[in-house]
Amino acid sequence: MSEQTLYERLGGAAGIAAITEDIWSNHTSNPLVKNRYINSDAENVKRLVREMFGAGTGGPETYSGQDMLTAHTGMNINDQEFNAVIDDVMKALGSNNVGEKEHNEVLAILWSMKNEIVGV
Ligand code: HEM
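Basis of the calculations
Residues numbered from 1 in each chain as written. Predicted model: local features only at pLDDT ≥ 70, side-chain atom pairs only at ≥ 80, totals over all residues. Heavy atoms only, no water. Helix = DSSP H or I, 4+ residues; strand = E, 2+ residues; numbered from the N terminus. Expected span 1.5 Å × (residues − 1). Buried < 20%, exposed > 50% of the residue type's maximum accessible area, 1.4 Å probe, protein only. Contact = heavy atoms within 4.5 Å. Near = heavy atom within 4 Å. Polar contact = N/O pair within 3.5 Å; in protein donor to acceptor, adjacent residues only side chain to side chain. Nonpolar A, V, L, I, M, F, W, Y, C, P; charged D, E, K, R; others polar.

### Observations concerning helix 2 (residues 12-27)
Part 1: The terminal C-alpha atoms of helix 2 lie 22 Å apart, and with 16 residues this matches the ideal 22 Å at 1.5 Å per residue to within 8%.
Part 2: Along helix 2, the residues that are buried comprise Gly12, Gly15, Ile16, Ile19, Thr20, Ile23, Trp24, Asn26 and His27.
Part 3: In this structure, the buried residues of helix 2 make contact with helix 1 (6-9), helix 3 (42-57) and helix 5 (79-95).

### Observations regarding the site of the ligand
Part 1: Of all residues adjacent to the ligand, which total 21 residues, the nearest are Arg36, Tyr37, Ser40, Gln66 and His72.
Part 2: Measuring from an oxygen atom of the ligand, one finds a side-chain N or O atom of Ser40 at 2.6 Å.
Part 3: Take Gln66: an N or O atom from its main chain is 2.8 Å from an oxygen atom of the ligand.
Part 4: Sorting the residues of the shell around the ligand by element identifies helix 3, helix 4 (68-72) and helix 5 as the ones contributing at least two each.
Part 5: Of the residues assigned to the shell around the ligand, the class counts are 15 nonpolar, 4 polar and 2 charged.

Right, dumping it as structure tokens:
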């Protein structure tokens, strides 16, 4: 039996699109981070998040945005904000019925990017 990719287990493009909508609404209602996104073009950020999720989990998408260090340099993001963003993503996985194993896999991927995002 061949194991499905994480992309497939997240529900493919449609599943990731739904997860991304929930991540965005969680971020923009989370008092710990919502002010960070006040000037954002929501549709553009969501497109980049969908691309990154797809490309990073075995999907056919190509990520067309900036690398994580470049994107977050100068923002002075702290640990509390990083944890809040991760919580928002985990919540979005939960509200889309993603399993515990997949939660852990996504968590590990996000955690691996921490040094390019926090304190840069
Ligand atoms: C592992 C965690 C994170 C990932 C995977 C991530 C991913 C991304 C991506 C893909 C972009 C778009 C890059 C581009 O414009 O080319 C972005 C931009 C941004 N991120 Fe993050 N991010 C993370 C954590 C954070 C945290 C903790 C904050 C602060 C609370 C944050 C705030 C922002 C802001 C303000 C932008 C700019 C949005 C805009 O262009 O309007 N990010 N991030």
